[in-house]
Amino acid sequence: MTRTHGWLTFSAIGRIALLVVGIAWMDACTLEEDAPPPRHTADAVEADAASDSVVVVPPECGDGTCDPGEDCLTCTEDCACAGLAATPPMGWNSWNLFACDIDEALVMGMADAMVETGMKDVGYEYVNLDDCWQVDRDADGVIVADPERFPGGIAALADYVHAQGLKLGVYTCVGALTCEDRPGSFGHEAQDMATYAEWGVDFVKVDWCYSDNMDAAERYGLFRDGILASGREILLSICNWGVQEPWVWGPQTGQLWRTSLDIKDGFLPLMYNVMGVESLAAFAGPGRWNDPDMLEVGNGGMSDDLSQAHMGLWAMFAAPLIAGNDLRDMSAATLGILTNPEVLAVDQDPAGLQAVLLRVTDDVRVYARPLNEAGLRAVLFFNTSQDAPRSASISWSELGLFQGTGSVRDLFAREDLGAFVDRFEAEVPPTGAVMVTVRGTDPVPGPGISEVSEMPWRYSTAFEGTVARDHAFVPAGEEPGPVLSLGGEVHGTGLGVPGGSVVVAHLGGRCDLFEATVGLTGNAGPEGSVVFEVWGDGTLLWESDVLSPDSAPVPVQVDVTGRRDVKLVTTPAGDSTVGDRAAWADARVHCE
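Attention here is on the structure that accompanies the text.

Thresholds, definitions, all that
Residues numbered from 1 in each chain as written. Predicted model: local features only at pLDDT ≥ 70, side-chain atom pairs only at ≥ 80, totals over all residues. Heavy atoms only, no water. Pairing = 2+ DSSP bridges. Helix = DSSP H or I, 4+ residues; strand = E, 2+ residues; numbered from the N terminus. Axes fitted to C-alpha atoms, helices over the stretch in contact; angles between N-to-C directions. Disulfide = S-S within 2.5 Å. Buried < 20%, exposed > 50% of the residue type's maximum accessible area, 1.4 Å probe, protein only. Salt bridge = Lys/Arg side-chain N within 4 Å of Asp/Glu carboxyl O.

Concerning the sheet that holds strand β28 (residues 539-543)
For step 1, the next point in the chain: On the basis of which strands lie adjacent, the open sheet formed by five strands has the order β20-β25-β30-β27-β28 and antiparallel pairing. The two strands at the open ends of the sheet, each matched to only one other strand, are β20 (459-462) and β28. With direction set aside, neighbouring strand axes in the sheet form an average angle of 20 degrees.
For step 2, the next point in the chain: Bridge analysis of β20 against strand β25 (residues 501-506) gives four bridges, and the strand direction is antiparallel. Within β25, the position partnered with A462 by the bridge is S501.

What follows is the structure in structure tokens.
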């Protein structure tokens, strides 16, 4: 169903009006909210450090072989994170700057520039044609490239791009016509995907023009099925502007989905796209990314400060990084922003946890996300004032870290700022950002049984609200939730969640069992349906069937021996978030 509440509507005039009055609106997602004080000792901290180096990282790590017991999060030296788009895709697209003025010489030049500027070396790999490359269909219905602009054809262009060690992307549309009135894919979905596969295409962006009365999940599912039938690995980019909640069904369909209308080159349009994505963190993760649209860095409409903030925000959101400027003619500042390895490392962090908006204070939006390394957080302060600098701060407790001394590094300047006690403060330029990492200590559970609802969390996010400790979930702004009730039985402890939530608790390799009882709560709607998942260090350890209000509660026991983190995910089962009220009742870990 289409999301129409709050500011995320799809009337352009209404959205811009809401944006102007809503810059200081605060998202309900949190990294760590209202956590009880850590009940851990210095001995536990030392044990955590030991467990991270001995238990969590196996002795074989670094030998070049991904052995049993190693995985892509605890031994990145040996184990690659498997799957298409395991980290957000990076590349270039023609639309933002060139629109329909494209040809094969331009695309070849961009591929050359991606290599020559060093962008390929830092992770950029896709060279993507947007609209206007196609002009007709032949007698058999096969899509035809513009013979004047692409005389060599798309297959030859793909060969050229592949020879540079890069990948080629193309564009189409769900309608009979594209947004620029070129031939679309309606009725030709499988045929077009087979053609693209034959040409050697690696990425397809599917737009949403001429889509009146279409069911988005159904139409994009045809492209997914066509790709699977083609036998080629092709990344599917769902570009339907956030209509009909693609974050709900997109994970079963493609690898990324747009969360708003097209980006434009300026501050207010940028804010529109920011506010379209920042509440959707619960739906993102490896192989499934929220897409606030392409980058406008280097196109002339933003200052260097705002361009740097734009890049930092996209990295914090774990967003695809698709440059939209002329790579053949960049200033040193633009190239530096696009290739800053420390900012890119945040975007490409293998844990894939999208930043949450902690709060808005005096025009400054404060975002944070935990990174894969234990004790490491990324923080970004974004000043939305257009005329004055603002002061901003972050405390270690807001980040789920122990109070005390933590080290801070400036990612834009790529320099250490030193040690700070309990908190960090910065001055943020107007329409600019400060982006840092904070290195501290994650609390770990003490010996015995720990209730997850009583633990500090590395991360939590919930669609339209916050994860509830020991009571049922209700959306933000409603009265506190009722007691946790599954199948008519009241549970004293647990997590109340919607169909769209993530909780990460740090175990430090000290625990061997996670247990809970899961199901839909007494306040769920009749149309509610969810799937529960338990992850450990990037590995799916357990997954439920689709549960409805009529399903019996399901007991869960999962071996978490040696796991550094446990991640509890609740999804909306691919249909809708309506009525999705659920719980991890009596969620506990058993630890040494």
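Some points on the state of the cysteines
For step 1, the next point in the chain: By the definition in use, this model includes three disulfides.
For step 2, the next point in the chain: Residue C100 pairs covalently with C132 via a disulfide, S to S 1.7 Å. A residue pair is termed long-range when its members are at least 10 positions apart, and C100 in the loop between α3 (95-98) and α4 (104-116) and C132 in the loop between β2 (126-128) and β3 (134-137) qualify at 32 residues.
For step 3, the next point in the chain: The partly exposed category is assigned to C100, whose relative accessible area is 23%.
For step 4, the next point in the chain: With relative accessibility at 1%, the residue C132 sits in the buried group.
For step 5, the next point in the chain: Between the sulfur atoms of C511 and its disulfide partner C591 the distance amounts to 2.0 Å. Residues C511 and C591 share a disulfide whose torsion about the S-S bond is about 85 degrees; that sign makes it right-handed. Of this pair, C511 sits in strand β26 (residues 511-520) while C591 sits in strand β31 (residues 581-591), placing them 80 residues apart in sequence. For the pair C511 and C591, a shared accessibility class is recorded, and that class is buried.
For step 6, the next point in the chain: With no disulfide partner, C173 has as its closest neighbouring cysteine sulfur the one in C179, 4.6 Å distant.
For step 7, the next point in the chain: Taking relative accessible area as the criterion, C173 reaches 0% and is therefore assigned buried.
For step 8, the next point in the chain: With no disulfide of its own, C239 lies closest to C179 among cysteine sulfurs, the gap being 7.2 Å.

Here we look at the pairing of strand β27 (residues 531-536)
For step 1, the next point in the chain: Burial within β27 is extensive, with five of its six residues counted as buried.
For step 2, the next point in the chain: Alignment of β27 against strand β30 (residues 565-571), held across six bridges, turns out to be antiparallel. Residue pairing in the sheet places E533 in a bridge with V569 of β30.
For step 3, the next point in the chain: Taken together, the four bridges between β27 and β28 define a ladder with antiparallel strand orientation. Looking at β28, one finds that G536 is bridged to T539.
For step 4, the next point in the chain: If you look at the hairpin formed by β27 and β28, you'll find two residues sitting between the two strands, and D537 has a positive phi there, around 50 degrees.

Notes on the pattern of salt bridges
For step 1, the next point in the chain: Summed over all chains, the structure comprises 23 salt bridges.
For step 2, the next point in the chain: D192 is paired through a salt bridge with R137; the nearest N and O atoms lie 2.8 Å apart. Here R137 lies in strand β3 and D192 lies in helix α6 (residues 189-199), a separation of 55 residues in the sequence. The pair formed by D192 and R137 is uniform in burial state, with each residue classed as buried.
For step 3, the next point in the chain: In this structure, E451 and R588 form a salt bridge, with 2.6 Å as the shortest nitrogen-oxygen distance.

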